[in-house]
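# A closer look at the structure
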Protein chains: 2
Amino acid sequence: MVAPLKVGIAGLGTVGAEVVRQIEQQSRLLAARTGRAVRVVAVTARSKAKKRDLNLQDVIWAKSPLALANDPSIDCFVELMGGSGEPALSAVEAALRNGKSVVTANKALLARHGVRLAKLAEEHGGALNFEAAVGAAIPAIKTLREGLAGTEIHRVYGILNGTCNYILTRMEQEGLSFAECLKDAQRLGYAEADPSFDVDGHDTAQKLAILASLAFGTKVAQSAVYVEGISSIKPEDLRAAEELGYRVKLLGVAVRTKTGIEQRVHPTMVPRSSSIAQVMGVTNALTIDGEGVPPITLVGPGAGGAATASAVVSDIADVARGLHIAPFGRPVKRLRKTEKAPMMRHEGGYYIRLMARDLPGTAATIAKRLAQQNISIESIVQRHPNGAPEPPQGRGKRNAKAASTLVPVILITYATSEDGVRQALAAVQNDKVITGRPQVIRIEKN
Amino acid sequence: MVAPLKVGIAGLGTVGAEVVRQIEQQSRLLAARTGRAVRVVAVTARSKAKKRDLNLQDVIWAKSPLALANDPSIDCFVELMGGSGEPALSAVEAALRNGKSVVTANKALLARHGVRLAKLAEEHGGALNFEAAVGAAIPAIKTLREGLAGTEIHRVYGILNGTCNYILTRMEQEGLSFAECLKDAQRLGYAEADPSFDVDGHDTAQKLAILASLAFGTKVAQSAVYVEGISSIKPEDLRAAEELGYRVKLLGVAVRTKTGIEQRVHPTMVPRSSSIAQVMGVTNALTIDGEGVPPITLVGPGAGGAATASAVVSDIADVARGLHIAPFGRPVKRLRKTEKAPMMRHEGGYYIRLMARDLPGTAATIAKRLAQQNISIESIVQRHPNGAPEPPQGRGKRNAKAASTLVPVILITYATSEDGVRQALAAVQNDKVITGRPQVIRIEKN
């Protein structure tokens, strides 16, 4: 009989408590699947006194995460405290230096220190598993790290933040504003009191940096991620998307281009028929495009205690089985430096919504500025305030009030460069034929 | 430097040839990911003379699959011949007896001899990997075998046959008959000249048997799978499904019930909003329902040379890495006998379409027969030949011709037993208030 795997858990919040529960309740299942017993032997948390409804009487309480990481009675250190700094960082480093395996759900830590931690794991022989860091129980990490081993990956993209997808879904389905939906999300516990980490795209960026490393064999580089959040999205954008056959999602996209690897997080128009467009509410999804292989999409809960704990326990099970994979899918010395593709050289289709002054020559001015940047227009819709769309050409009659009226103009471009779009729109703004900032949403084709 | 992994491939059809190509073209990627070189050193195929556009000059041609399996110069035997019998069976057995690892895409072989082969792998220390046997490059096997290790699985279900999903998609989108769509599928190479293995559900049944074993820790038991194909589905069923908020898919469903494990393949009404309902054309998908965890759905190509080869090469990479997992996720002695839940005790909602005689008392007779079996009706739609639906109650006026008219009646039941539905419908047929066979489609809730 193989000796039991002795697990120490740092952090007993929702996920940590659920991990303890799953390991206890599923002990027979785990033993059958891994060939050895898995036991939580030690824990640590900020407050020992807090009521947790857990059976911890035979478990050692370590006095700190670091003490737990240095405790010789554990084989596997499970870090569920979060945060890219202390106490998580030192504790994980210590555990790895001690040759222990580490399981963590901490995307911030990995996005910032992933390479360094992978190197420590490699040098000291422990595993470093982090399925729960991206997409909770969706097997995103395992699929990219172990699967598709002989397939060159061109692009990975996904809905990696449930808060944003919940807000966009509500906005689309009920025609509500961003602010209203955010408030509801906060009330329901889907968004934090300070929602900026989620809605400004930083959570997605951390996850994307990890996925890009696994997909392309590059060093994790969160600073290489271009980030835009969803707070500028208006119900009218979602309505226009629907009419044009798209849906708006906050995507994290990592793609190999001729100028390097693009990593970008921004609201994105995706074809309504694509798998990713069907993903609604707090659900997450990841699509992987490999060479010659039709896309693979993984859909499921991206957060939640049980789903996250399920991923953590899976990682622990892999440690118990003795599976040992390089944390980022290949040895650290084989990870290349990320060649960051400059966002200004991004090429793709664009959705542009302008509030144009209803004056003779406005359409001609806009068209000219786009043409100067070699931007080809796939479709253009100009909507008169009464709601009926009217093409910008052929507007003959016009009453005296028209000069002060604003008309939304919606353009879809063929593939063009980010730089060209920005220059064209700056020129249009300069021409004073529009008011306010143009709304620009990138289009991602499947 | 670790010695290269020496691979022998039996079968050089579309998939085999593509595996040779991927291993050659992605040799650096594979070495980076697995830490060792992967080389095809020997092959065998029915015809050596056939033109294949492969570089095989440094490769040994074995005189038979068995000879290849016994060749001491290979570490990993890749079986891509197909078929549950010879020559695949003996060759795979020989390779495992020789302590080699085996990678196969052969669902028929695994569905029939899976337990026996797993036992051989266990006794002699080789791996037995078969990601490509179900859903090609979709990581279905890896997710069930290694992921979710601490999560009790309640149900797995999926679209596991691209031919059927292609036919149902075309039928739905274009209102065509089964026969017309089958003919098109054959013309496009999506269906075989003899399509029965696909359209009658047997292909799905073999894959389901493998998935059920992994999900529930039971011995593969293809004979325990209840199977119905899609040839009875009519465009009017698909139209009714749409009106009722469903879509019809051929699903393989394995679910733990109080009477045992149900394994069933049949046309199924799934809610239009579910992830599985969005899967169109030849695409496959698998949904996994774990305890307390929202469903996880994996979507992607279920067939095709490149996608299948990608899965095979991933499995070879796992062998190269030295990953070693019990073929069915736990040791053979821990696999339980499948307690087959009898189909007659299946419980769920039903869609029933009847061609009723338009006579006074017909509706009352049908209602009575259902009530006698304690079947509650969620909705009932009776459609007069002019097309406008009319509830069966309150039909006062009726002209003389009505007696000979047939009216389609569509019922949706609340959860009830298979046995009850069959008995009720037999009684209704006996009452001679309907003509022809009732159409019955089970409903699967998400």
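The shown structure was predicted, so the numbers you read here are calculated from the model rather than taken from an experiment. Here the residue numbering is sequential within each chain, running from 1 through the sequence in written order. Chain letters and ligand numbers both follow the written order, the letters beginning at A and the numbers at 1. Only residues with pLDDT of 70 or above have their local features reported here, since the model is predicted, and side-chain atom pairs are shown and tallied only from 80 upward, although totals for entire chains, interfaces and linings are computed over all residues.

## Topic: the overall build of chain A
A count of helical and extended segments in chain A gives 14 helices and 18 strands. If one aligns the C-alpha atoms of chain A with their principal axes, the spans along those axes are about 90 × 45 × 35 Å. With 446 residues in all, chain A has 54% of them scored as buried. The contact criterion used is a C-beta to C-beta distance within 7 Å, with each C-beta placed from the backbone. Pairs at least 24 residues apart make up 76% of the contacts formed inside chain A by residues separated by at least 6 positions. Helix and strand definitions follow DSSP, with helices as H or I runs of at least four residues and strands as E runs of at least two, each counted in order from the N terminus. Here exposure depends only on C-beta density: within 10 Å of a residue's C-beta, 20 or more other C-beta atoms make it buried, 12 or fewer make it exposed, and intermediate numbers make it partly exposed, the C-beta atoms being placed from the backbone.

## A short note on the domain arrangement of chain A
The domains assigned to chain A are domain 1 (5–133), domain 2 (148–301) and domain 3 (345–443). Look at where the C-alpha atoms of domain 1 of chain A and domain 3 of chain A centre, and you get two points 54 Å apart. Note that domain bounds follow an automatic or database assignment of domains.

## Structural notes on the relation of the copies chain B and chain A
When chain B is fitted to chain A, the residual RMSD is 0.1 Å, and the transformation amounts to a turn of 180° plus an axial shift of 0.0 Å. In the structure described here, the two chain copies are related by an operation that fits a two-fold rotation axis. In terms of proximity to the rotation axis, the leading residue of chain B is B:Leu298, whose C-alpha is 2.3 Å off the axis. Residue by residue, 100% of the interface of chain B is reproduced at the interface of chain A, so both copies engage with the same surface. Fitting of the copies onto one another was done by least squares over C-alpha atoms, counting residues only where both copies have pLDDT of at least 70.

## Regarding the sheet that holds strand β6 (residues 128–129) of chain B
Residues and elements named next belong to chain B. Strand pairing is assigned whenever DSSP detects at least two bridges linking the two strands. With respect to topology, 6 strands assemble into an open sheet ordered β3-β2-β1-β4-β5-β6, the strand pairing being parallel. Every other strand in the sheet has two partners, leaving β3 (60–61) and β6 as the edge strands with one partner each. When strand β1 (residues 5–10) meets strand β4 (residues 76–79), the two strands line up parallel, connected through 4 bridges. Following the sheet pairing, Gly 8 is matched in β4 by Phe 77.

## Points about the sheet that holds strand β2 (residues 38–44) of chain A
Two strands in a sheet stick together by hydrogen bonds in their backbones, pointing the same way (parallel) or opposite ways (antiparallel). Residues and elements named next belong to chain A. Spatially, β3-β2-β1-β4-β5-β6 is the arrangement adopted by the 6 strands of the open sheet, whose pairing is parallel. Every interior strand has two partners, whereas the edge strands, β3 (60–61) and β6 (128–129), have only one. In the packing of helix α1 (residues 14–25) onto the sheet, contacts are made with β1 (5–10), β2 and β4 (76–79), and the angle to β1 comes to roughly 160°. A fitted line through C-alpha atoms serves as each axis, taken over the contacting stretch for helices, and the angle formed by two N-to-C directions is quoted from 0 to 180°.

## Side note on the interface of chain B and chain A
On the chain A side, the residues contacting the 49 residues of chain B number 49 residues. Of all the secondary-structure elements, those providing two or more residues to the side of chain B that touches chain A are α1 (14–25), α2 (27–34), α6 (140–145), β12 (293–301) and α12 (305–321) of chain B. Of the residues forming the side of chain B that touches chain A, the biggest block, 9 residues, is contributed by β12(B). Side-chain classes follow a simple rule in which Ala, Val, Leu, Ile, Met, Phe, Trp, Tyr, Cys and Pro form the nonpolar group, Asp, Glu, Lys and Arg form the charged group, and the remainder, Gly included, forms the polar group. Residue composition of the side of chain B that touches chain A, by class: 23 nonpolar, 18 polar and 8 charged. Taken together, the 3 bridges between strand β12 (residues 293–301) of chain A and β12(B) define a ladder with antiparallel strand orientation. Residue pairing across strands places A:Leu298 opposite B:Leu298, the latter belonging to β12(B).

## Some remarks on the packing of α1(B) against α12(B)
All names here are of chain B. Two elements in contact, α1 and α12, have axes whose closest approach is 8 Å; the angle formed by their N-to-C orientations is 60°. Classified by the interaxial angle, the pair formed by α1 and α12 is oblique. Of the two elements, α1 crosses α12, and the hand of that crossing is right-handed. The segment α1 lies against α12, with Thr 14, Val 15, Glu 18, Val 19, Gln 22 and Ile 23 engaging Gly 305, Ala 306, Thr 308, Ala 309, Ser 310, Val 312 and Val 313. Across the contact of α1 with α12, the residue classes tally to 7 nonpolar, 5 polar and 1 charged. Each angle receives one of four descriptions, namely roughly parallel if under 35 degrees, roughly antiparallel if over 145, roughly perpendicular if within 65 to 115, and oblique otherwise. Left-handed describes a crossing whose near helix is turned anticlockwise from the far helix through less than a right angle; right-handed describes the clockwise counterpart.

## Overview of helix α13 (residues 362–372) of chain B
All names here are of chain B. Along α13, the residues that are buried comprise Thr 362, Ala 363, Ile 366, Arg 369 and Leu 370. Along the long axis of α13, the arc covered by the buried residues comes to 135°, so they all point the same way. Opposite the buried face of α13, by more than 90 degrees, sit the exposed residues Ala 364, Ala 371 and Gln 372. For α13, the elements touching its buried residues are β13 (347–357), β14 (377–383), β16 (406–413) and α14 (418–430). After α13 finishes, the residue Asn 374 shows a positive phi value of roughly 60°. Here, the arc refers to the directions that run from the helix axis to the C-beta atoms.

## Observations regarding the pairing of β4(B)
Along β4(B), one buried face is formed by B:Cys76 and B:Val78 and the opposite face, lined by B:Phe77 and B:Glu79, is buried too. After leaving β4(B), the chain enters helix α4 (residues 88–97) of chain B and then returns to the sheet as strand β5 (residues 101–104) of chain B, a path that is right-handed. Seen with its strands pointing away from the viewer, a crossover is right-handed if its path from the first strand over the helix to the second goes clockwise.

## What to know about the environment of B:Tyr157
All names here are of chain B. Its location among the elements puts Tyr 157 in strand β7 (residues 153–159). A tally of 26 C-beta atoms within 10 Å means that Tyr 157 is categorised as buried. A C-alpha to C-alpha distance of 25 Å links Tyr 157 and Ile 375, two positions 218 residues apart in sequence.

## Here's the deal with the pairing of β16(B)
All names here are of chain B. Most of β16 sits inside the fold, with 6 of its 8 residues counted as buried. Two elements, β13 and β16, share 7 bridges in a ladder whose sense is antiparallel. Counterpart to Leu 354 in the pairing with β16 is Val 409. Both β14 and β16 contribute to a ladder of 5 bridges, which runs antiparallel. Looking at the pairing, Gln 382 lines up with Val 409 of β16.

## Structural notes on the confidence of the model for chain A
Residues and elements named next belong to chain A. Scored by pLDDT, chain A comes out at a mean of 93, with 95% of its residues at no less than 70. Scored below 50 in pLDDT, residues 393–400 shows 1 contact in the model against residues more than four places distant or in partner chains. Taken over the whole predicted complex, pTM reads 0.93, whereas the ipTM for its chain interfaces reads 0.93. Along the chain, pLDDT gives the predictor's confidence residue by residue, from 0 to 100.

## Some thoughts on α14(B)
All names here are of chain B. Here the expected span of a helix is defined as 1.5 Å times the quantity of residues minus one. The end-to-end C-alpha distance of α14, which contains 13 residues, comes to 18 Å, matching closely the 18 Å that a straight helix rising 1.5 Å per residue would cover. The set of residues buried in α14 consists of Val 421, Ala 424, Leu 425 and Val 428. One face of α14 carries all of its buried residues, which in axial projection span an arc of 95°. In α14, those exposed residues whose orientation departs by more than 90 degrees from the buried face are Ala 426 and Asn 430.

## A closer look at the packing of helix α4 (residues 88–97) of chain A against helix α5 (residues 107–124) of chain A
Residues and elements named next belong to chain A. Contact pair α4 / α5: the axes reach a minimum separation of 9 Å and the direction vectors enclose 15°. Between α4 and α5, the crossing angle belongs to the class labelled roughly parallel. Crossing of α4 against α5: the hand is right-handed. Two secondary-structure elements touch here, α4 through Ala 88, Leu 89, Val 92, Glu 93, Leu 96 and Arg 97 and α5 through Leu 109, His 113, Leu 117, Leu 120, Ala 121 and His 124. Each residue belonging to the contact of α4 with α5 can be placed in one class, and the counts come to 8 nonpolar, 2 polar and 2 charged.

## Let's talk about the environment of A:Asp318
Examined against the element boundaries, A:Asp318 turns out to sit in helix α12 (residues 305–321). We classify A:Asp318 as buried; it has 25 C-beta atoms within 10 Å. In this structure the C-alpha to C-alpha distance between A:Asp318 and A:Arg33, which are 285 residues apart in sequence, comes to 9.7 Å. Non-local contacts of A:Asp318, meaning those with residues more than four positions away in its chain, are made with A:Asn129, A:Leu323 and B:Glu146.

## Thoughts on unusual backbone geometry
The omega angle of the peptide bond from A:Glu86 to A:Pro87 is 5°, so this bond is cis rather than trans. Residue placement: A:Pro87 occurs in the loop between β4 and α4. One non-glycine residue with positive phi stands out, namely A:Ala136, at about 40°. The topology assignment puts A:Ala136 in the loop between β6 and α6 (140–145). Look at B:Lys432: it is not a glycine, yet its phi comes out positive at around 60°. Its place among the elements puts B:Lys432 in the loop between α14 and β18 (434–443).

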